[in-house]
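For reference, the chains in residue letters:
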Amino acid sequence: MNDKHTLTCIVCPKSCRLYVENTGSGMQITGYGCKRGLEYANEEIRESRRMLTATVTVRNGNLPRLPVISSAPIPRRLFDACLRELSMVVVKAPVKLGQVIVRDIQKTGVDIVASRSLTKREG
Amino acid sequence: MSIKNASVDVAVIGGGPAGLAAALAAKEAGADQVLVIERDFELGGILQQCVHDGFGILKFGERLPGPAYMERYIDAVSQRDIKVMVDSMVLELTSDRTLYVASPIEGLVEVRAKAVVLAMGCRERTRSQIWLPGTRPAGIYTAGTVQRYINMEGILPGHKVVILGSGDVGLIMARRLTLIGTEVEGVYEVMSKPGGLTRNIVQCLEDYNIPLYLSHTVIDIHGEKRLTGVTVAKVDADRRPLPGTERFISCDTLVLSVGLIPENELSYDAGVELHPVTGGPVVDECMATSLPGVFAAGNVVAVFDLVDYVSDIGEIAGRAAARYAAGESNDGPAIKLNPGANVNFVLPQVVHPIHLTEPVAFYLRVKESKESANVFVKSGSALIKQVPQIVVRPPEMVSFVLTPTEISRAGNFDLIVSVE
């Protein structure tokens, strides 16, 4: 199997084009401008991970949505499953910044936490 | 009708990142009465709707979501003796620093301020500012409006979306809309290069296989009550649609990400000198505007791409406002920093060499991308400073610092800043 593809490095603004080629004996990465770019390419090949940010439903909050964020990057292939799970979540106000909303989402070992505090709606 | 009266040392217009940094710094610098006036129901500004992460890398060494970045400032404000008026709108600022504020709780309030910090941020360009032809149905929004609907108010703007413009907010909304299950047909950009940061092209479009059509624009809008579709076309180098390239796209939502403009209606009416390129006040190293006692910070001055810079500038403006309120003056001989080759604008535009005790941070935006470039600061033919850059691009601001000694070497001559 000989597949070849291109990545754009997102480590710094230089945005190097990275070329990844499976030579049969291993992955050959070219085009990186520094060590961090090489690391980024290696991680992207192994498992592309990103921070997941979303919102969940809030009851009695001074806003109807609570922004949330993953406590660490999550494999992108699990984003759909995570978002489906988060769409079922209902949180009650008040909420504190950093409060755990979902523990160990989709068995990733990563928590989903509140991105802000929300007070209870008055009245 | 009765008008309430109030007197403060420093009045800050706008409770976003620039305004809160300014209020905290003014208090820290000894201003007794500091007032923040915010028109939304809470402090925080636009960052409250920016739920994605990446804020605070320079300021805190962390990649925070927007609301978490702001909560640090909101908490700090609440712990100090700073007066906050929310749901309140400044209707007028006079040249002698009287503010007329409309508040649902206090009614109309006349605030006399010894110093004022303008921190109103910026606004999005709308449909009428880009001359979009066609019918006028519902379903056409600016990217920031869609962001607020989805992330704060829980309103779904539509089901199938076309995005016009590749500014950062548009790219971020392409990703957000996809994540919540809305179909994003594509992003169309009239220029031959993307408007947003490269890492947003990768993380927001490429990650989700959303196509980006460069040198394309929307040439017609269809639908009566609700948007039913748009016609897109390729454009030539002069942005004229090319006949024969038209394509109809069925959609119920068009999102516009076609640029931001500093919001300066209050500044303009007060008589503050505005810069023709930035659209914001002309400022000196203290963020003082042309109007005595009126300072400016953040996106009201020029559109920044990092909130970290906005907070830094807010602190400078707040400290200077506190000093002015205490009776200190920053008058004296001034020199200008003028944009040279490949520089669109440089901030601050004016410095007062004799008052400088600390290094001054400058911000510029280039006209063209270039690798292995240098920022050159020159006084006549004398080179004052050279700062190497790995790469420069128009969407990414360049920051550099000049020390008081370096600035003093200019003598009384203006400085020219170029990037070559």
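Residues numbered from 1 in each chain as written. Chains lettered and ligands numbered in written order. Predicted model: local features only at pLDDT ≥ 70, side-chain atom pairs only at ≥ 80, totals over all residues. Heavy atoms only, no water.

## Description of the overall build of chain B
Here is step 1 of the chain: The helix and strand inventory of chain B stands at 9 helices and 27 strands.
Here is step 2 of the chain: With the C-alpha coordinates aligned to their principal axes, the bounding extent of chain B is approximately 65 × 60 × 40 Å.
Here is step 3 of the chain: The burial tally for chain B puts 55% of its 420 residues in the buried class.
Here is step 4 of the chain: The long-range fraction of contacts in chain B, counting pairs at least 24 apart against all pairs at least 6 apart in sequence, stands at 62%.
Here is step 5 of the chain: On chain B, roughly 17700 Å² of surface is accessible, and the fraction owed to carbon and sulfur atoms is 52%. (Helix = DSSP H or I, 4+ residues; strand = E, 2+ residues; numbered from the N terminus. Buried < 20%, exposed > 50% of the residue type's maximum accessible area, 1.4 Å probe, protein only. Contact = heavy atoms within 4.5 Å. Areas by Shrake-Rupley, 256 points an atom, 1.4 Å probe, with all protein chains shown as cover.)

## Considering helix α5 (residues 168-179) of chain B
Residues and elements named next belong to chain B.
Here is step 1 of the chain: Given a rise of 1.5 Å per residue, 12 residues ought to cover 16 Å, and the 17 Å separating the end C-alpha atoms of α5 matches this to within 8%.
Here is step 2 of the chain: Most of α5 sits inside the fold, with 9 of its 12 residues counted as buried.
Here is step 3 of the chain: At the C-terminal side of α5, G181 shows a positive phi close to 95 degrees. (Expected span 1.5 Å × (residues − 1).)

## Here we look at the packing of aromatic side chains
Residues and elements named next belong to chain B.
Here is step 1 of the chain: Within the structure shown, the criterion is met by 9 aromatic pairs over all chains.
Here is step 2 of the chain: Consider the rings of F304 and Y363, whose centres lie 5.5 Å apart with planes at 80 degrees: the pair is edge-to-face. Remark: Y363 occurs in strand β23 (residues 360-366) and F304 occurs in the loop between β19 (294-296) and α8 (307-325); sequence separation between them is 59 residues. Pair check on accessibility: F304 and Y363 agree, each one buried.
Here is step 3 of the chain: Above the ring of Y213, the side-chain terminus of R247 is found at 5.3 Å from the ring centroid.
Here is step 4 of the chain: We note K378 situated over the ring of F376; from NZ or CZ to the ring centre the distance is 5.4 Å. (Phe/Tyr/Trp six-rings, centres within 6.5 Å; stacked < 30°, edge-to-face > 60°. Lys NZ or Arg CZ within 6 Å of the ring centre and 35° of its normal.)

## Regarding the domain arrangement of chain A
Here is step 1 of the chain: Domain boundaries assigned for chain A yield domain 1 (4-46) and domain 2 (53-114).
Here is step 2 of the chain: The distance between the C-alpha centroids of domain 1 of chain A and domain 2 of chain A comes to 31 Å. (Domains from an automatic or database assignment.)

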